[in-house]
Amino acid sequence: MGVGRRMKKQGPPEPLSEEHFARLKRKAGLPVDDPPTEAPNKKKRKTATESAPKSNGAASKKGAPKANGKSNGVKAAPIPKQNGRSTKSKSKKPAPEPESDEDLSDGLGDGFSGSELDDDEFSDLEDGEAGGLGDDFLGSDDSVFDSDAEDQRERKAMFSEDEDDSDAEEKLTAANIVGLSRKLDEQKAQEEADALAELEEAAIQTNIERPHVLDDEEEDDLALKTKALLAPDLQLLRTRITDTIRVLDDFANLAEESRSRAEYTAQLLKDICAYYGYSEYLADKLLNLFPPREAFAFFEANETARPVVIRTNTLRTHRRDLAQALINRGVTLEPVGKWSKVGLQIFESNVPLGATPEYLAGHYILQAASSFLPVMALGPQEGERVLDMAAAPGGKTTHMAAMMKNTGCIFANDPSKARAKGLIGNVHRLGARNVVVCNYDAREFPRVIGGFDRVLLDAPCSGTGVIAKDPSVKTNKDEKDFMVLPHTQKQLLLAAIDSVNHASKTGGYLVYSTCSVTVEENEQVVQYALNKRPNVKLVSTDLPFGKEGFTSYMGKKFDPSLRLTRRYYPHSYNVDGFFVAKFHKTGPTPPNLVKDKAPQATPAPGAEDEVIDKTPIAADEDTLAQARGQDEFGGFDDDEDEKYMERAKRSAMRRRGLDPKALDKPKANGQENGSEKGEKEKGESKAKNKKKA
C-alpha cells in the first residue's frame, strides 16, 4: 500500500504538550508538577499519528530534509523542533534538567540513536495512550504506520548516527557520475592498501618468530633406540620440513644463533628420508639438484601418479576421429597440450584402455607424454635409414614409423629377447611396415651395421625420473648403480655416434635421452662423449618447453653448449622426469679414438680417410688343409657325422609318414661291396690326415 497524499504533504510534527512529559516522568518514577489538563484533540492526535512514520527509526534523518523543503525555506537549524525538549523549555518557566537516554529508554528499543529515540517516543505518546507502543508494535492500533510497507522508491540510504548528512548517498546523475566513480575508486584503493599493509604486518610478525627445528641437547643411546622403534609422526615431520625450508630460504634472519646451514640441511635430509621413504644416498643426490623449496616440490610430485596419456597412431586414424570414438565409449579426455598433435590425456574411463576395439585395431598406444620428446627432437624424415638402439616396447619406434609414413627403414634393436617379443607385437598391431627388429648388444652395432641417417638412443638408466611409476627406486639404488650405469651409457653413446653417417644429406643427427634426472647419467655422459668424439657437437632440440641442462654442478664445469640440452621434471611440467640431448655429427670418427674394436696394425698418419677392403681372400686347397690341420679343435670326424646324418634322415622320414626301416632294405651284394670300398677310402683319408699332422 503506497503513501497517502496527505502523508506526502505533511509538514513538521506538532509540538508536544506538557501532559506527555508528565506521563513520561511518572513512568520513569520522577517527581512531576501538576500540569494543566488539556482536552484531547482528535484531529491533532490523527495528525501526530500520521506524522509518526516520518520520524520513526532510521528514516528520521531522511525525513528531516523533506520536511524542511515543505516549510517555506526553513533551514536545517529548526530540525530540533521535532524533539519535545525544545518546546518544553520555551513554554515552561522552570526548565527542568533534561532526562538522560537511559531514563527514557523504558519500553523502547535499545538499538536506536538518541534523536531517533526521542522522535519515536514522543510521536507515540502523542496518541494519548498510557502504555505507548512496544518494541515490535504488536499492540498498536491501525493508525500506526508500518515503515517496512513504505514504497521503496521513496526510501533513501540509512546511515549510522556518527555520519552527517553530507555522507548520505547522492542521487546518481550525469553531472556527478565522474565524481562518484572517482570516490568509489579511491575508497577501493584505500581498502586494498589497508589489506596489503595488514598482510605485510602479519608476515613481519611471522618472520620474527624463529622456528625451532633442531634439538637443543644430544639424546642418549637409549632414547635414540626407543625413538627408532616408534612409528614416525608424519604430521610432525611435515611441519618440521616446511619450517626447515622456510629457515633455509631466509637463513640470515630466521636461523637460530650458533647454528650452521649444514645442520639445517642434514635435518631436512633426515626428515625427507623418514617422511617419503628414500634411502639417504638417493635423497641426498636428489636434494642437491634443486633449491630446498623446489626439492620439496619434486619429492611431493613423485608421490602422485602422472596423467594417463595415449598417442594416436596416424598410420591408421586421426586424433579427432579417435577422440570422438573414445568419448562415445565413456572416456573423458583432452589434448595433452599444444606442443603435441598426437597425444591425448585421459582423465576418466569406463572401459579398460588396453582392451578397446580401437586399441586392438592399432589406433593408439599407451605411452607417457615425456616419451614423445626424444622422437620429436630427432625428427626423422621420409625415406631415411634410422636406428633405435634400445627399442622395446616399441612406443618410440612406431612413433618414428608414423612420422616417416612407413617409408625408409627403421632398425629396431633390443638386447633382450623377451622384451623384443613385445616390440614385435606393437610393431604389427600399429601397422609399421618399415621396421626391422634385431637382437644385438647395442655396443656392437657399429660393426654389425652402420651408416644411419639418424640414431635414437634411449639409454637404460636408474629411473629416478619415474619414481611415481616405480617406487622401489627409492631404496634399491645405491652408489654402485650410479657407477655401473653411467659407464654403460658412455659406451652406448660412443657406439651410437660411430653408427651415424656424417655425410648424410638430410641427417647426421643423434638423440640421447634418459628417464633419469641425475647429473651422473645425463650431463656427465654428454660431456664424456664431447671429449672423446671431437667430430660431434650439441645442437638445439627444437622442443617448445623444458629447462636448460646444467653447465656446472657441485664444483664441476661442463661445456657451455650443454645449455642446449633439456631437462623435464614432474613438479614443473607434470610429466615424467626426462633428459634430452641432440648431437650433430660433422665428420668421420678418427680411427685412433676407436678403442673397442679388434686390434689392428697402426695406421700411417694421414690415413683417416683410407678405404680398406675387408673382403676375405679365397685360399687354395693346400692352404685350407694346412689351416685345418693347425686348428686347435682338429679336423672333422666323418664317421660321427654320418651317424648324425643317418639319424636326421630317419627323423625326416617319420615326420613325412614313411617307414625309416626302408633305408636298411636295399643293402645287396653290390651295395655291400660299395660300402666296403667307401670304408677303405675313409681309412686312407684318415691316414693322410695323421701324416700331415
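Structure: above.
Residues numbered from 1 in each chain as written. Predicted model: local features only at pLDDT ≥ 70, side-chain atom pairs only at ≥ 80, totals over all residues. Heavy atoms only, no water.

Colleague: Describe the overall build of the protein, and please don't skip the residues or the numbers.
Modeller: Helix and strand content of the protein: 26 helices and 15 strands. Per-residue burial over the protein gives 36% buried out of 693 residues. Summarising the internal contacts of the protein: among those between residues at least 6 apart in sequence, 71% fall at separations of at least 24. Summed over its atoms, the accessible surface of the protein is roughly 42,200 Å², and 52% of this surface lies on carbon and sulfur atoms. (Helix = DSSP H or I, 4+ residues; strand = E, 2+ residues; numbered from the N terminus. Buried < 20%, exposed > 50% of the residue type's maximum accessible area, 1.4 Å probe, protein only. Contact = heavy atoms within 4.5 Å. Areas by Shrake-Rupley, 256 points an atom, 1.4 Å probe, with all protein chains shown as cover.)

Colleague: Residues and numbers for a negative patch on the surface, please.
Modeller: Residues Glu-191, Glu-192, Asp-194, Glu-198 and Glu-201 make up a contiguous surface patch of negative charge. Take Glu-191: it is sitting in helix H7 (residues 177-208). (Patch = residues over 30% accessible without salt bridge, like charges linked within 9 Å, V, L, I, M, F, W, Y side chains within 5 Å. Salt bridge = Lys/Arg side-chain N within 4 Å of Asp/Glu carboxyl O. Lys, Arg positive; Asp, Glu negative; His and termini not counted. Charge placed at Lys NZ, Arg CZ, Asp CG, Glu CD.)

Colleague: Let's hear about unusual backbone geometry: which residues, and what values?
Modeller: Backbone torsion omega between Ala-392 and Pro-393 reads 5 degrees, so that peptide bond is classified as cis. Mapped onto the elements, Pro-393 comes out in the loop between strand S5 (385-388) and helix H17 (395-403). If you check the backbone angles, Met-554 has positive phi at about 50 degrees while not being a glycine. Tracing the backbone through its elements, the reader meets Met-554 in the loop between strand S12 (552-553) and strand S13 (556-557). Under the relative-accessibility criterion, Met-554 is labelled exposed at 60%. The residue Asn-574 is not glycine, and still its phi comes out positive at about 60 degrees.

Colleague: Which residues make up the sheet that holds strand S2 (residues 331-335), and what values do they have?
Modeller: Ordered in space as S2-S3-S1-S4, the four strands form an open sheet in which the pairing is antiparallel. Where the open sheet ends on each side, the last strands, each with one partner, are S2 and strand S4 (364-366). Between one strand axis and the next, the sheet turns through 35 degrees on average, direction left out of account. Here three bridges tie strand S1 (residues 308-312) to S4, and the two strands are oriented antiparallel to one another. Each bridged residue has a counterpart across the sheet, and for Thr-312 the counterpart in S4 is Tyr-364. Here helix H14 (residues 319-328) sits on the sheet and contacts S1, S2, strand S3 (343-349) and S4; the angle it forms with S2, its principal contact strand, is near 155 degrees. (Pairing = 2+ DSSP bridges. Axes fitted to C-alpha atoms, helices over the stretch in contact; angles between N-to-C directions.)

Colleague: Give me the packing of aromatic side chains: which residues, what numbers.
Modeller: Across all of its chains, the model carries 18 aromatic pairs by this definition. Ring centres of Trp-339 and Phe-372 lie 6.2 Å apart, and the angle between their planes is 55 degrees; this geometry places the pair in the tilted category. With Trp-339 in the loop between S2 and S3 and Phe-372 in helix H16 (residues 372-378), the pair connects residues that are 33 residues apart, well separated along the chain. Note on Trp-339: relative accessible area 19%, which makes it buried. In textbook terms, an aromatic cluster arises when at least three aromatic residues are bridged by ring pairs, as seen for Tyr-275, Tyr-276, Tyr-278, Phe-290, Phe-298, Phe-299 and Tyr-569. Looking at Lys-490, its charged tip hangs above the ring of Tyr-528, at a distance of 5.0 Å from the centre. Geometry around Tyr-509 places Lys-582 over its ring, the cationic atom sitting 4.7 Å from the centre. (Phe/Tyr/Trp six-rings, centres within 6.5 Å; stacked < 30°, edge-to-face > 60°. Lys NZ or Arg CZ within 6 Å of the ring centre and 35° of its normal.)

Colleague: Can you break down the pattern of salt bridges residue by residue, with the values?
Modeller: A complete count under the given rule lists 18 salt bridges for this structure. Note that Arg-238 is salt-bridged to Glu-300, the shortest N-O span being 3.2 Å. Taken together, the residues span a long stretch of sequence, with Arg-238 in helix H9 (residues 234-249) and Glu-300 in helix H13 (residues 292-301) at a distance of 62 residues. Given a relative accessible area of 29%, Glu-300 falls into the partly exposed group. With a shortest N-O distance of 3.0 Å, Asp-271 and Arg-240 are connected by a salt bridge. One end of the pair, Asp-271, is in helix H11 (residues 261-276); the other, Arg-240, is in helix H9, and 31 residues separate them in sequence.

Colleague: Lay out the nonpolar core with the relevant residues and their values.
Modeller: Formed by 61 residues in total, the largest nonpolar core has its most connected members in Leu-286, Phe-299, Met-389, Leu-493, Tyr-512, Val-526 and Phe-583. Other than its neighbours up to four places away in sequence, Leu-493 contacts Leu-457, Leu-510, Tyr-512, Val-525, Val-526, Ala-529 and Phe-583. Counting 29 residues, the second-largest nonpolar core is a separate cluster that includes Met-400, Ala-432, Tyr-568 and Val-575. (Core = buried A, V, L, I, M, F, W, Y, C linked by side-chain atoms within 4.5 Å.)

Colleague: Got a sec to walk through helix H2 (residues 18-28)? Specific residues and values, please.
Modeller: Along H2, the residues classified as buried are Glu-18, His-20, Phe-21, Ala-22, Leu-24 and Lys-25. Downstream of H2 by one or two residues, Gly-29 has phi in the positive range, about 80 degrees.

Colleague: Describe in detail the side chain of Gln-345, supporting the description with residues and values.
Modeller: You can see Gln-345 is positioned in strand S3. Given the relative accessible area of 14%, Gln-345 is considered buried. Apart from residues lying up to four places away in sequence, Gln-345 is in contact with Pro-307, Val-308, Val-309, Thr-332, Leu-333, Glu-334, Pro-335 and Val-336.

Colleague: Before we move on, can you summarise the environment of Ala-391 with the specific residues and values?
Modeller: Mapped onto the elements, Ala-391 comes out in the loop between S5 and H17. Judged by its relative accessible area of 4%, Ala-391 falls in the buried class. For the pair Ala-391 and Val-437, spaced 46 residues apart in sequence, the C-alpha to C-alpha distance is 8.8 Å. In contact with Ala-391, not counting residues within four places along its chain, are Thr-397, Ala-412, Asn-413, Asp-414 and Leu-423.

Colleague: Report on the packing of H9 against H11, specifying residues and quantitative values.
Modeller: The contact between H9 and H11 brings their axes to 9 Å, and the two run at 150 degrees. Compared by their axis directions, H9 and H11 come out roughly antiparallel. Here H9 runs over H11; the crossing is left-handed. Mapping the contact onto sequence places Leu-234, Leu-237, Arg-238, Arg-240, Ile-241, Thr-244, Ile-245, Val-247 and Leu-248 in H9 and Arg-261, Tyr-264, Thr-265, Gln-267, Leu-268, Asp-271, Ile-272, Ala-274, Tyr-275 and Tyr-276 in H11. (Parallel < 35°, antiparallel > 145°, perpendicular 65-115°, else oblique. Left-handed = near helix turned anticlockwise from the far one by under 90°.)

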